[in-house]
Amino acid sequence: MANKVEKTNAARLLDLAKIAYRLVPYEVDESNLAADHVAEQLGEDINRVFKTLVLEGDREPRHFVCVIPGNCEVDLKKAAKAAGVKKADLIPMKELLPLTGYIRGGCTAIGMKKRFPVFIHSTARNFDTIFVSAGQRGLQLDLNPEDLINYTGATVTDLTRDDNEQ
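If you're wondering where the values come from, they're calculated on a predicted model, not measured in any experiment.

Here is what the cut-offs are and how they apply
Residues numbered from 1 in each chain as written. Predicted model: local features only at pLDDT ≥ 70, side-chain atom pairs only at ≥ 80, totals over all residues. Heavy atoms only, no water. Helix = DSSP H or I, 4+ residues; strand = E, 2+ residues; numbered from the N terminus. Rg over C-alpha atoms; globule rule 2.2 N^0.38 Å. Buried < 20%, exposed > 50% of the residue type's maximum accessible area, 1.4 Å probe, protein only. Contact = heavy atoms within 4.5 Å. Pairing = 2+ DSSP bridges. Axes fitted to C-alpha atoms, helices over the stretch in contact; angles between N-to-C directions. Lys, Arg positive; Asp, Glu negative; His and termini not counted. Salt bridge = Lys/Arg side-chain N within 4 Å of Asp/Glu carboxyl O. Disulfide = S-S within 2.5 Å.

## Description of the overall build of the chain
- Broken down by element type, the chain carries five helices and eight strands.
- Helices and strands in the chain line up, N terminus first, as α-β-α-β-β-α-β-α-β-β-β-α-β.
- Taking 2.2 N^0.38 as the reference for a compact globule, 166 residues should give roughly 15 Å; the C-alpha atoms of the chain span a radius of gyration of 15 Å, in line with that estimate.
- Projected onto its principal axes, the C-alpha coordinates of the chain cover approximately 50 × 35 × 35 Å.
- Here the chain holds 166 residues, and 46% of them are scored as buried.
- In the chain, 63% of the contacts between residues at least 6 apart in sequence involve partners at least 24 apart.

## Some words on the sheet that holds strand β7 (residues 139–143)
- Pairing is antiparallel across the open sheet formed by three strands, whose spatial order is β1-β7-β6. Edge positions in the open sheet fall to β1 (21–25) and β6 (130–136), since each of these has one partner strand only. Each strand axis lies, on average, 35° off the axis of its neighbour in the sheet, ignoring direction.

## With respect to the sheet that holds strand β5 (residues 118–121)
- Taken together, the five strands give an open sheet; going across it, the order is β4-β2-β3-β5-β8, and neighbouring strands pair in mixed fashion. What marks the edges here is a single partner per strand, and that holds for β4 (88–90) and β8 (155–157). Strand-to-strand twist of the sheet, defined as the mean angle between neighbouring strand axes without regard to direction, takes the value 35°.
- Here strand β3 (residues 63–69) pairs with β5 via three bridges, running parallel. By the bridge assignment, V67 is partnered in β5 with I120.

## Observations concerning the pairing of strand β2 (residues 50–57)
- β2 sits mainly inside the fold: six of its eight residues count as buried.
- In this sheet, β3 lies alongside β2 in antiparallel orientation, the contact comprising seven bridges. Looking at the pairing, E56 lines up with H63 of β3.
- Taking the residues between adjacent antiparallel strands as the criterion, β2 and β3 are bridged by five residues.

## Section: the side chain of D75
- As for its placement among the helices and strands, D75 is situated in the loop between β3 and α3 (76–83).
- Although D75 is buried, it forms no salt bridge, and the closest oppositely charged side chain is K78 at an N-O distance of 4.4 Å.
- When neighbours within four sequence positions are excluded, D75 is seen to be in contact with L159, T160 and R161.

## Some points on the environment of Y151
- By the element assignment, Y151 lies in helix α5 (residues 145–152).
- It is 8.3 Å that separates the C-alpha atoms of Y151 and L14, two residues lying 137 residues apart in sequence.
- If sequence neighbours within four positions are ignored, Y151 has contacts with L13, L14, A17, I19, I110 and R115.

## What to know about the state of the cysteines
- Per the counting criterion, the structure on display carries zero disulfides.
- A disulfide-free cysteine, C66 has its sulfur positioned 11 Å from the sulfur of C107, the nearest such atom.
- The buried category is assigned to C66, whose relative accessible area is 0%.

## Things to note about the environment of G57
- Note on placement: G57 falls in strand β2.
- A sequence separation of 21 residues divides G57 from K78, and the C-alpha atoms of the two residues are 12 Å apart.
- Those residues within four positions of G57 in sequence are excluded, and the remaining contacts are R62, F64, V85, K87 and A88.

Set out below in structure tokens:
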């Protein structure tokens, strides 16, 4: 293979844990880091491409991570309830790199600087594998959602707005 993909820290951590995954590169558009662009580049269903968001609560846990389908918006009330806080909001973008070690468009729940509580949207279990960032822009991990749930110690729950549900 001519274009060997460099392993990210997240991929090395999965190797150490003996978790199967596939690294899938895609073309980055700096002006469009949205998950639907990633799904389009991968030729995959947007419901299988998950985005990782870092939220800040009004008390402990101060920070926590939500992994949701790429075409959904996080419901801040549901996320706060899942984390056991009264109120939560997305962290300011400038805090993402110092807090997690990752940049926007390359954030993953695997291998953050510090271990934060992780919540994964329940629809992840609808698929044999899902896509999450591999820890850098232009690279996704294709892995079994149960492996991600178990590795991160995630709680599986509903985290999104009910716009498209009955």
